[in-house]
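A closer look at the structure
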There are 2 protein chains.
Amino acid sequence: MAHYKVILTYDGTDFQGFQRQVEGRTVQASVEAALERIGWQESSILFAGRTDAGVHAAGQVIGFNLDWKHSPEELQDAVNANLPVDVSALSVAEAEENFHPRFSAVARCYHYRIFCEPVRQPLRERYAWRVWPAVRTKPLEETADYLIGRHDFSAFGSAPQEGGTTIREIFSSIWKVLENDLVFQITGNAFLYRMVRRLVSFQIEVGQGKRNPEEIKLFLDGGSKEVVQGLAPPQGLVLEEVFYPK
Amino acid sequence: MAHYKVILTYDGTDFQGFQRQVEGRTVQASVEAALERIGWQESSILFAGRTDAGVHAAGQVIGFNLDWKHSPEELQDAVNANLPVDVSALSVAEAEENFHPRFSAVARCYHYRIFCEPVRQPLRERYAWRVWPAVRTKPLEETADYLIGRHDFSAFGSAPQEGGTTIREIFSSIWKVLENDLVFQITGNAFLYRMVRRLVSFQIEVGQGKRNPEEIKLFLDGGSKEVVQGLAPPQGLVLEEVFYPK
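Residues numbered from 1 in each chain as written. Chains lettered and ligands numbered in written order. Predicted model: local features only at pLDDT ≥ 70, side-chain atom pairs only at ≥ 80, totals over all residues. Heavy atoms only, no water.

Quick look at unusual backbone geometry
For the bond running from A:Trp132 to A:Pro133, omega is 5°, close enough to zero to count as cis. Mapped onto the fold, A:Pro133 is located in the loop between strand 6 (129-131) and helix 3 (137-146). Positive phi outside glycine occurs at B:Glu179, with the angle close to 45°. For B:Glu179, the position within the fold is in the loop between strand 8 (167-178) and strand 9 (181-188). (Helix = DSSP H or I, 4+ residues; strand = E, 2+ residues; numbered from the N terminus.)

See the structure below:
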């Protein structure tokens, strides 16, 4: 019996999120069904983080134990042959016995893509949020900068368990111009529930001139007792990468 | 009664092509249904070019007559409010009475996107063809270069009507690197049925070292009596723009 680490990518559009539910198509259930077909016998896989309905992943990480007689490459082929067309195993490797996709992780990187156009753009809206009126880039960049460091993000999300800390450390937070899109790229030790989508929504309000960049300071570090209202839609968000100690 | 020119974009994934058919969901039928809801009474719209099942458009052009009392902007809003989520009218303008989306056009531009990866990539394969083994860029560029000018493309497609000419003039033919994708961008006066997808398939064989760039000369200008076999899949292709005299 060996322990495996698998990097998964999926198009979240047709899933009710990552985590298995009583009803609804989920990534976890699809992966577990694929693994069962090749002899996997545990009750649940481990994973790095939940993604909500409609959120995508380029680098979700899962872990499981399996009695497998062949190479990791052959395991990857077998898994991919059994996964639906909107999920794929990008890599498969043997892992240390104590490796846990969530608790071993030291950082996560998310990307959120937007573009500014006045009318619907079907070819672009599956993986990006269409924003109008257009945003200015400079205030977005200024706001993103304030996020870097250790902060209490209680105004932007809730802790995974009741009473848990809402302090998170952000290592990098930038907006990049890619073709005609703007992409918010944020890396931190961990994230609160819906934190990235709330941060994006707030920044878009800044980019549209409805708030000043400095206003974000009023919401960081417990400055606001309420969670901010705006929530950017799921289709712009991608769990890009999960990092582990070398 | 005024004549209108509308630029359409659509995600071709869930359509059985542009042109109306007895059965199957088509872009034309969706657009005509939307127009009927705002008082359009003709039997058929005019359009620049058919696109096959699964092929996308960023700049398809249609024309129709309509008795409309308000501005073109209001017509655009009304059309978009009635179109399904995978089709959108990017612009609406009044056109000359003799404007015809197909016969007035002087050039068309198509883009075909590929990327090279050994395993499935759900987040990228809706709008691109995954190619493996990887291609070299230089031979692709060399082959694309041979296409420029007036050529008989009978080996790469058939004329729209029996006995029609298979000579087409290519104004520009290049491969561009965009993020991690390669995009074939071709502009010509007109294109034969499935010509772009056959040209892409041929060039990928060159890029993978199965053919030499110069071999394409054997198939141009009537050098081959047969149509080449390979056909790149539809999802990589986008009808990018249709050009009209200024």
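Concerning the nonpolar core
By size, the foremost hydrophobic cluster in this structure holds 68 residues, and its most contacted members are A:Leu8 and A:Phe156. Looking at which element gives the most residues to this core, the answer is helix 4 (residues 195-207) of chain A, with 7 residues. Taken domain by domain, the makeup of this core includes at least three residues from each of domain 1 (2-94) and domain 2 (107-243) of chain A. Beyond its immediate sequence surroundings of up to four residues, A:Leu8 is in contact with A:Phe18, A:Val27, A:Val31, A:Ala57, A:Ala58, A:Gly59, A:Gln60, A:Ile62, A:Leu83, A:Val87, A:Ser88 and A:Ala89. In terms of nonpolar packing, the next biggest core, distinct from the first, is built from 67 residues, B:Ala144, B:Ala159, B:Trp175 and B:Leu199 among them. (Core = buried A, V, L, I, M, F, W, Y, C linked by side-chain atoms within 4.5 Å. Buried < 20%, exposed > 50% of the residue type's maximum accessible area, 1.4 Å probe, protein only. Domains from an automatic or database assignment. Contact = heavy atoms within 4.5 Å.)

Points about the domain arrangement of chain A
Residues and elements named next belong to chain A. Here chain A is partitioned into domain 1 (2-94) and domain 2 (107-243). On a C-alpha basis, the centroid separation for the pair domain 1 and domain 2 is 27 Å. With 16 residues of domain 1 at the contact, the number on the domain 2 side is 14 residues. Summing the contributions of domain 1 and of domain 2, the shared interface buries around 1,200 Å²; its carbon and sulfur component is 52%. One can count 3 salt bridges joining domain 1 with domain 2. Note that Asp 11 and Arg 126 form a salt bridge whose closest N and O atoms lie 3.0 Å from each other. (Buried area = accessible area lost by both parts, 1.4 Å probe. Salt bridge = Lys/Arg side-chain N within 4 Å of Asp/Glu carboxyl O.)

Examining helix 3 (residues 137-146) of chain B
Owing to its 3.6 residues per turn, the α-helix brings residues three or four apart onto one side. Residue and element names in this part refer to chain B. Those residues of helix 3 that fall on the buried side of the exposure criterion are Pro 139, Leu 140, Thr 143 and Ala 144. One face of helix 3 carries all of its buried residues, which in axial projection span an arc of 135°. Exposed residues lying more than 90 degrees from the buried face of helix 3 are Lys 138 and Asp 145. Check the buried side of helix 3 and you find it contacts strand 8, strand 9, helix 4 (195-207) and helix 5 (216-219). (Arc of directions from axis to C-beta.)

Description of the pairing of strand 9 (residues 181-188) of chain A
Residue and element names in this part refer to chain A. Taken across its 8 residues, strand 9 has 8 buried, putting it largely inside the fold. Here strand 9 shows no split at all, with Asp 181, Val 183, Gln 185 and Thr 187 on one side and Leu 182, Phe 184, Ile 186 and Gly 188 on the other all buried. Inspection of the sheet shows strand 5 (residues 107-116) paired to strand 9 by 7 bridges, in the antiparallel sense. Each residue of the ladder has a partner; that of Tyr 110, found in strand 9, is Ile 186. Taken together, the 8 bridges between strand 8 (residues 167-178) and strand 9 define a ladder with antiparallel strand orientation. Each residue of the ladder has a partner; that of Trp 175, found in strand 9, is Phe 184. (Pairing = 2+ DSSP bridges.)

Some points on the environment of B:Gln161
By secondary structure assignment, the location of B:Gln161 is in the loop between strand 7 (149-152) and strand 8. Measuring from C-alpha to C-alpha, the distance between B:Gln161 and B:Val27 comes to 22 Å, with 134 residues separating the pair along the chain.

Re the interface of chain A and chain B
Often the size quoted for an interface is simply the accessible area lost on bringing the parts together. Listed per partner, the contact involves 27 residues of chain A and 27 residues of chain B. Counting each side, the surface lost to burial between chain A and chain B is near 1,900 Å², with a carbon and sulfur contribution of 55%. Three residues, A:Arg120, A:Pro122 and A:Leu123, lead the burial of chain A against chain B; their summed loss comes to 37% of the area buried on that side. For the pair chain A and chain B, the interface holds 2 salt bridges.

Considering the relation of the copies chain A and chain B
The operation relating chain A to chain B is a screw motion whose rotation component is 180°, with 0.0 Å of axial translation and a residual RMSD of 0.0 Å. Within this description, the copies of the chain are treated as partners about a two-fold rotation axis. The rotation axis passes nearest to the C-alpha of A:Glu179 in chain A, at a distance of 4.2 Å. Interface overlap between copies: 100% of the residues of chain A at the interface are likewise at the interface in chain B, consistent with a symmetric, same-surface contact. (Least-squares fit on C-alpha atoms with pLDDT ≥ 70 in both.)

Re the side chain of B:Thr51
All names here are of chain B. Inspection of the secondary structure assignment puts Thr 51 in the loop between strand 2 (46-47) and strand 3 (56-66). Assessed through its relative accessible area of 6%, Thr 51 is described here as buried. Of the polar contacts made by the side chain of Thr 51, one reaches the side chain of Tyr 10; its length is 2.7 Å. Among all residues touching Thr 51, those that are not within four sequence positions of it are Tyr 10, Gly 17, Phe 18, Gln 60 and Leu 239. (Polar contact = N/O pair within 3.5 Å; in protein donor to acceptor, adjacent residues only side chain to side chain.)

Remarks on the packing of helix 3 of chain B against helix 4 of chain B
Residue and element names in this part refer to chain B. Packing of helix 3 against helix 4 brings their axes to within 8 Å, and their N-to-C directions diverge by 140°. With respect to helix 4, the element helix 3 is oriented oblique. The crossing of helix 3 and helix 4 is right-handed. Contact residues: Pro 139, Leu 140, Thr 143 and Ala 144 in helix 3; Gln 203, Ile 204, Val 206 and Gly 207 in helix 4. Residues of the contact of helix 3 with helix 4, tallied by class, amount to 5 nonpolar, 3 polar and no charged. (Axes fitted to C-alpha atoms, helices over the stretch in contact; angles between N-to-C directions. Parallel < 35°, antiparallel > 145°, perpendicular 65-115°, else oblique. Left-handed = near helix turned anticlockwise from the far one by under 90°. Nonpolar A, V, L, I, M, F, W, Y, C, P; charged D, E, K, R; others polar.)

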